[in-house]
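# Structural overview
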Amino acid sequence: MTGSRPPPSGIYVPAPTFFVGKQASTYSIYNPPLDCETQLQHTLFLAKNGIRGVVLLGSTGEAVHLSNDERSQVLSFVRKGLDDAGYTQFPIIAGTAANSAVETVQQLEDAKACGSEYGMVLAPSYFASAVTQQGLIEWYTEVANRSPIPILIYYYPGVSNDIVIKISTFEQLAKHPNIVGCKLSHGNISHHILLAQSPVILENNFSVFSGMSRQLLPVVAIGGAGAIDGLAGIFPKSIVHLFNLSQAGKIAEARKVQYAASRAEEAFASLGIIGVKEAASRFLGLGERDGGRIPLRGGLEGGEAVWQEKYEPLFKDIAALEATL
């Protein structure tokens, strides 16, 4: 069986899922409706500014807050909008966060039907303390056997009950022809190195992406394929610039850009998922600052004064750089 191709190296964005704001006549705190027009507008903004592809319905996209019907609405609307705008080669990576192997495969089948090119599959973690590495290998293998699209392993301990996926488990799964890469959303650079330079990984069609632009320069230096990063959803040109400098070996210049990116991502890390929507509203004029679904709540404790004193200074350098590119 010939292996599938991984996503091309570069910068990808895990997009937030946009919902209507409180001023909309259809708004309900119980279940605010999707705002697909803004979703498409944001994706087109990314496509026009050097981003290689978009992840929809990942953790930043509040995948666990959407029904399967809503998932299909988002994926199909954005795919059609991209195609209509001429971005037919701009890939959609559909996230999954189900614990059931059967439901995960169903979501991947739906994603394929809606025009997605890849799936990004979060590790099943409800029983994390009882899950063995062999159990993870069997789960991912059975999902990959049945998925109509190639998949990436999504390793994010922070939203996965601190589940552990060992290097040896990645190496075993990398041999599967329909498992083409991973996203590592943690700060363990050693883990990135051991995967990106593993002889087993290198001889298979498997790409290692970081989930954090704050470590993009070192990740590219050790052979990583790029990043799937939320900050790039607000400042795409700057993060793409950092990736290009890193790949070209222009280390002195890349260090300066990395510093700006790392400062900005400190703000992102403290604000959380809703912080992405806060930034999208403030810097791009897209979506609502209170645009999450319960139990997530938007808005900053302390209001505008807190933004200006605590967060705005961290974005200053990267916002200035973005304006020059």
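Scope of this entry: the structure provided in the associated data block. Treat the numbers as computed from the prediction; the structure is a model and nothing was measured.

### Concerning helix α1 (residues 36–47)
Side chains that are three or four residues apart share a direction in an α-helix, a result of its 3.6 residues per turn. The terminal C-alpha atoms of α1 lie 16 Å apart, and with twelve residues this matches the ideal 16 Å at 1.5 Å per residue to within 8%. With nine of twelve residues buried, α1 is to be regarded as a mostly interior element. Residues of α1 that are buried: Cys 36, Thr 38, Gln 39, Leu 40, His 42, Thr 43, Leu 44, Leu 46 and Ala 47.

### Looking at the side chain of Gln 39
Here Gln 39 is to be found in helix α1. Residue class for Gln 39 comes out buried when judged on its relative accessible area of 2%. Non-local contacts of Gln 39, meaning those with residues more than four positions away in its chain, are made with Ala 15, Pro 16, Thr 17, Phe 18, Leu 56, Val 74 and Val 78.

### With respect to the pattern of salt bridges
Should their charged atoms come close, side chains of opposite charge can pair. Tallying each qualifying case throughout the model produces eleven salt bridges. A salt bridge links Arg 282 to Glu 278, with the shortest nitrogen-to-oxygen separation between them at 2.8 Å. In this pair, Arg 282 and Glu 278 both sit in helix α11 (residues 273–284), four residues apart, roughly one turn of the helix. A salt bridge links Glu 304 to Arg 282; the shortest N-O distance between them is 3.0 Å. One end of the pair, Glu 304, is in helix α12 (residues 304–324); the other, Arg 282, is in helix α11, with 22 residues separating them in the sequence. Here Glu 304 falls in the partly exposed class, since its relative accessible area comes to 39%. Classification of Arg 282 as partly exposed rests on a relative accessible area of 21%. Here the salt bridges do not stand alone but share partners, grouping Arg 79, Asp 83 and Glu 117 into one network.

### Things to note about the packing of aromatic side chains
Taken as a whole and assessed by the stated rule, the structure comprises twelve aromatic pairs. Consider the rings of Trp 139 and Tyr 140, whose centres lie 5.0 Å apart with planes at 85°: the pair is edge-to-face. Tyr 140 shares its class with Trp 139; the two are buried. A network of ring pairs unites the aromatic residues Phe 235, Phe 268, Phe 283, Trp 307, Tyr 311 and Phe 315 as a single cluster.

### Some details on the pairing of strand β3 (residues 92–96)
Here β3 lies mainly inside the structure; five of its five residues are buried. By the alternation rule, side chains of β3 split into Ile 92, Ala 94 and Thr 96 and Ile 93 and Gly 95, which are all buried. Here three bridges tie strand β2 (residues 53–56) to β3, and the two strands are oriented parallel to one another. Within β3, the residue paired with Leu 56 across the bridge is Ala 94. Here β3 pairs with strand β4 (residues 118–122) via four bridges, running parallel. Bridging from a neighbouring strand, Ile 93 pairs with Tyr 118 of β4. Taken together, β3, helix α3 (residues 101–113) and β4 constitute a β-α-β crossover, and its handedness is right-handed.

Scoring rules and cut-offs
- Residues numbered from 1 in each chain as written.
- Predicted model: local features only at pLDDT ≥ 70, side-chain atom pairs only at ≥ 80, totals over all residues.
- Heavy atoms only, no water.
- Helix = DSSP H or I, 4+ residues; strand = E, 2+ residues; numbered from the N terminus.
- Expected span 1.5 Å × (residues − 1).
- Buried < 20%, exposed > 50% of the residue type's maximum accessible area, 1.4 Å probe, protein only.
- Contact = heavy atoms within 4.5 Å.
- Salt bridge = Lys/Arg side-chain N within 4 Å of Asp/Glu carboxyl O.
- Phe/Tyr/Trp six-rings, centres within 6.5 Å; stacked < 30°, edge-to-face > 60°.
- Pairing = 2+ DSSP bridges.
- Right-handed = clockwise from strand over helix to strand, strands pointing away.

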